[in-house]
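# A structural walkthrough
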Amino acid sequence: MRYPRKWMQWLLLLSFGSFLFLDGCSGPLAPCQGDGIGPLTDNYDSFQCKYTCECNNQSFLGACISGTCKVYGARPSCSRASISREILVRNRFFAQECPSVSQQQKEACPSGAFDKVCRAEGLLSNRWGNCHCVGNTCPNGQVLCSNECSPEKPCLCIDLRSNLQHCGACNNACPKGAICNKGTCTCPQGTTRCETPCQKAPCPVVCVDLQQDSSHCGACGTACPQQGVCAQGVCQEVPIAAGSYQRGTPDEVMDWTFYKNFLGINRDRETVHYVVLTRPFLMGKYEVTRGWFKQLMGYDPSDWKCVGNVQQCPVHHVNLYQAMDFCNKLSQLRGVETCYTCDRHQGTSEVTCSAKPEFQEKAIYQCKGYRLPTDAEWGFAVQAGTLGIFHERRPDAFPLSFGDAYKEILADIAWYSVNANGKLQQVATRKPNPWGLHDMLGNVSEWVWEIGSRYYPNDLVDPYGEHYDYEQTYRGGNITFPPLLVRNGFRGTEFPSLKNPTDSTLVSYYGFRIARTSPLANEACSQLKLSSCGESGCKNTRIDLDHCGVCGRKCPPFHICQRGQCISPELEVPTHDKDGKPIVWERGYLMLPRPDPGQQYCYWDDALPHKVKFDYRFVMSRFEVRQRDYDALLGYNPSRFKTCPDCPVESVNWYQALAYANALSRHQGYETCYECVGDVRKTESFSCKLKSKFRGNHGKDYVQCKGYRLPTEAEWEFASLAGGQLKQHCKTDDWAGRANRQAWHSHNSNYRTHPVGTKPPNPLGLHDMLGNVAEWTWDVYLPYPVDPKNPDKVIVNPIGYLPTPTPQFCEECSPTYDPKNSKCAPCFRTRRGSMYTAQPPASFDESYRGLFFHLTKLRNNPYGHLEVESIFGFRLVRTISLSKSSN
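Here the structure is a predicted model, which means the values were calculated and not measured.

## So, the packing of aromatic side chains
- Tallied over the full model, the rule gives 39 aromatic pairs.
- Where Phe-262 meets Phe-402, the ring centres are 4.8 Å apart and the plane angle is 65°; that geometry is what we call edge-to-face. Taken together, the residues Phe-262 in helix α5 (residues 256–263) and Phe-402 in the loop between α8 (375–383) and α9 (407–410) connect sequence positions 140 residues apart.
- For the ring pair Tyr-670 and Tyr-708, a centre distance of 5.7 Å and an interplane angle of 75° mean the geometry is edge-to-face. Placement of the pair is Tyr-670 in the loop between α12 (654–668) and β36 (674–677) and Tyr-708 in strand β38 (residues 708–709), with a sequence separation of 38 residues.
- Judged by relative accessible area, which is 4%, Tyr-708 ranks as buried.
- Grouped by ring-pair contacts, the aromatic residues Trp-292, Phe-293, Tyr-299, Phe-326 and Phe-512 constitute a single cluster.

## Looking at the nonpolar core
- Membership of the largest hydrophobic core comes to 79 residues, with the highest contact counts inside it found for Met-283, Phe-326, Leu-372, Leu-441, Phe-512 and Ile-514.
- Here this core gets seven residues from one element, more than from any other, and that element is helix α7 (residues 320–334).
- Of all hydrophobic cores here, the second largest spans 65 residues; its members include Ala-743, Ala-774, Tyr-836 and Ile-871.

## Overview of the environment of Phe-641
- Summarising the element assignment, Phe-641 is placed in the loop between α11 (627–634) and α12.
- A sequence separation of 14 residues divides Phe-641 from Gln-627, and the C-alpha atoms of the two residues are 9.2 Å apart.
- Residues in contact with Phe-641, not counting those within four places in the same chain, are Gln-627, Glu-650, Tyr-751, Arg-752, Thr-753, Tyr-836 and Ser-870.

## Description of the packing of helix α6 (residues 290–297) against α7
- Across the interface, α6 lies against α7 with an axial gap of 10 Å and an inter-helix angle of 65°. Considered as vectors, α6 and α7 are oriented roughly perpendicular to each other. As α6 packs across α7, the resulting crossing turns out to be left-handed. Listed contacts from α7 to Trp-292, Phe-293, Leu-296 and Met-297 of α6 are Gln-322, Asp-325, Phe-326, Lys-329, Leu-330 and Leu-333.
- Grouping the constituent residues of the contact of α6 with α7 by class yields seven nonpolar, one polar and two charged.

## Considering the environment of Pro-501
- For Pro-501, the location among the structural elements is in the loop between β25 (491–494) and β26 (510–511).
- The sequence separation of Pro-501 and Leu-485 amounts to 16 residues, and the corresponding C-alpha distance is 18 Å.
- For Pro-501, the residues in contact, after removing those within four places along its chain, are Glu-494, Phe-495 and Val-507.

## What to know about the confidence of the model for the chain
- Counting all residues, the mean pLDDT for the chain is 88, and 92% of those residues have values of 70 or more.
- A low-confidence stretch, residues 1–30 (pLDDT under 50), is modelled with 29 contacts involving residues beyond four sequence positions or located in other chains.
- Under a pLDDT of 50 for its full length, residues 863–867 has, in the predicted model, 12 contacts with residues more than four places off or in other chains.

## Brief notes about the pattern of salt bridges
- All told, the structure shown has 33 salt bridges when counted by the stated rule.
- Its salt-bridge partner being Asp-375, residue Arg-247 comes within 2.8 Å of it at the nearest N-O pair. Here Arg-247 is found in strand β15 (residues 243–247), whereas its partner Asp-375 is found in helix α8, with 128 residues between them in sequence. Taken individually, Arg-247 and Asp-375 each receive the classification buried, so the pair is uniform in this respect.
- Among the salt bridges present, the one from Arg-491 reaches Asp-375, with a minimum N-O distance of 3.5 Å. Of the two residues, Arg-491 sits in strand β25 while Asp-375 sits in helix α8, which places them 116 residues apart along the sequence.
- A relative accessible area of 1% places Arg-491 in the buried class.
- Judged by relative accessible area, which is 0%, Asp-375 ranks as buried.
- Within this structure, Arg-247, Asp-375, Arg-475 and Arg-491 form a network of salt bridges that share partners.

Reading the values: rules and limits
- Residues numbered from 1 in each chain as written.
- Predicted model: local features only at pLDDT ≥ 70, side-chain atom pairs only at ≥ 80, totals over all residues.
- Heavy atoms only, no water.
- Phe/Tyr/Trp six-rings, centres within 6.5 Å; stacked < 30°, edge-to-face > 60°.
- Helix = DSSP H or I, 4+ residues; strand = E, 2+ residues; numbered from the N terminus.
- Buried < 20%, exposed > 50% of the residue type's maximum accessible area, 1.4 Å probe, protein only.
- Core = buried A, V, L, I, M, F, W, Y, C linked by side-chain atoms within 4.5 Å.
- Contact = heavy atoms within 4.5 Å.
- Axes fitted to C-alpha atoms, helices over the stretch in contact; angles between N-to-C directions.
- Parallel < 35°, antiparallel > 145°, perpendicular 65-115°, else oblique.
- Left-handed = near helix turned anticlockwise from the far one by under 90°.
- Nonpolar A, V, L, I, M, F, W, Y, C, P; charged D, E, K, R; others polar.
- pLDDT = per-residue confidence, 0-100.
- Salt bridge = Lys/Arg side-chain N within 4 Å of Asp/Glu carboxyl O.

Right under this line is the structure:
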């Protein structure tokens, strides 16, 4: 029978009180001595209490919690005094062995283990004492955030109020860049909390400085290309792909005599030549600003007036060495190698720098750190893949005029003498060039890594720069310069230290922009002298259609890539003068036989001279039709030399040329000129004929077709003579040498075709008019319509026309031409321009007329010899306007 609670409490206090407070003559004792184990033996669960030892006694394990006893269980007995037992917190029997240990106590034990002793202090019999943490416990306010603690590998005590990985709670990590303040993750002053893009939510969060973080530049999620530098909240670099370009200024652009006499600059400073850059690079999007320069260097050398926020104006009055020093400091800040060695004058901002020994000469491109752009890189970047004079822009007339302000071209892209009013301006307040680069022209003149050298007319690969103490190149012009000095090709020179300058009034206008070689550069491509085009590999950007001039720039269909420029496949042949009147020219050639038959290179009697004009305008293909274009439109390639897609298509008969003309007309949206029947691959049955509506007026209505067609003989000869400007080869003293320069023939072709456009064009811009492959024309081989009684008669739109026969009709004719056989005359068509198998100078004349049986693959030529089929190709023309009388 249990006592009532009130009586039990009274008895407890009566009996326990004498034990707690009386100890013989010693007086009262402090409560709960002996490891907090009381003398009682009963279970006082749920009784009121003041001390834990009232509940935690000789027989039971307990604690006084909020004035009430909480008993966890009976105190187990043990075999002999002083033996001990260690129990790991992660042991599954831990709660049975140490039932009185709270979760908080476990979380404050770094060793993850508790031990207990038999007949511990305070016990009067062999029973297990209280469980205690092995080793030191965590200070108040600190906890453990792992359940893998052990005596061999104790855990760390964590302060949840300040720990970045466990802020406020275990495993609650703060974002990168944040601080843990009183258990709360916060971003430091001047930083912003941004979510980092990822594939699967939740995405990590970071605290960043939007003024200089490359992944969050100016705003969360705005990443700078290739982890480029971010300064003043703006991505400072623009990736520039590797490529090739024409450097220098063409003769016709400037009045070079005036330029030298007035400015003292020699022509050879801008000699035109071709440059290949094998490595991609990054170029400063803006000129380095005053704010950024001072932030990094600790001083600002600028001393000139600036409109707007001066921190956003370009830093100026900077000498070459200060610019190099800035690049080094930026490299150090970004954790990349430095390109220069700099010696500072103690206590001053004066410094002298030079390229490190391992990065001198061409090796400067191998440095991965920040540097000044080379002259070649700067020139490539300003032109942005164009042939422009002012960025991508070109005036309508040349040479440039000193008195013209060129406001319509320059005013919105550059600050110069006309619009700057003698004051520097904030960067990026004018339109950028096509590659996004601001102020490449005007504002401040920019140092480049190049001495004040001349250009030579030699093609170069990765031209490198250096510096001399007495001469350094700058580019772009500045706010005081007139238009002639604010253009892509201008190159000025100055003392790099700006001491004893060429012109002391200009020292305030020198600044710079940064550059660095892209980490994507492939050194293997550089060894091959090819441009590194990323995943596409090493490419010849001079001629590659998919990487023309710049890696990744594709030429449009039917264009050609020539010296890094996508060239239009056709051009207008000028049939009228500047007043709009038809040009009268002389077609044909006649030379009396020479005494020695072996010297008859320029003798033929089927091209009697006569006067001709056209009353319409037409365009002609710049190049012979290529294999790649023929295959793209007709679905097969009949050529013998199939491994060269940019070589002219050959082994085509006359009908197949007409079929391609129709296919191109349909592709480009023009009407077709011919009616074709059969499979174009089956030469024995395939045929074409002119549409009936273009057969009138004795065949002269042929030119009224607005689609693509074969040229007439007259059109071909007129175009080959550059619109009547040239004399025929045989009328010049250079009739043998000209063929060697401009044509592929038996002496230089290795008896095969070559890519179109690889020989120089005629003055009109047409390539391979002589050599490579002979070209089909529309005309039947007929005598010229010359009237001996009226030699000055001008023949309008001459054409050799007879109704087009069928293949079956021509099969009945001999493949050898017989001028007396008028029935078979329509089966012989003229070919022009000679071919790669021919020996010059014979047939290498614009007026030379060849003829061939237009049907089969292998036939006798007019002299009874077999000719191989691979000599025949073609080019096309298209009428673009007709005279009123022709309509």
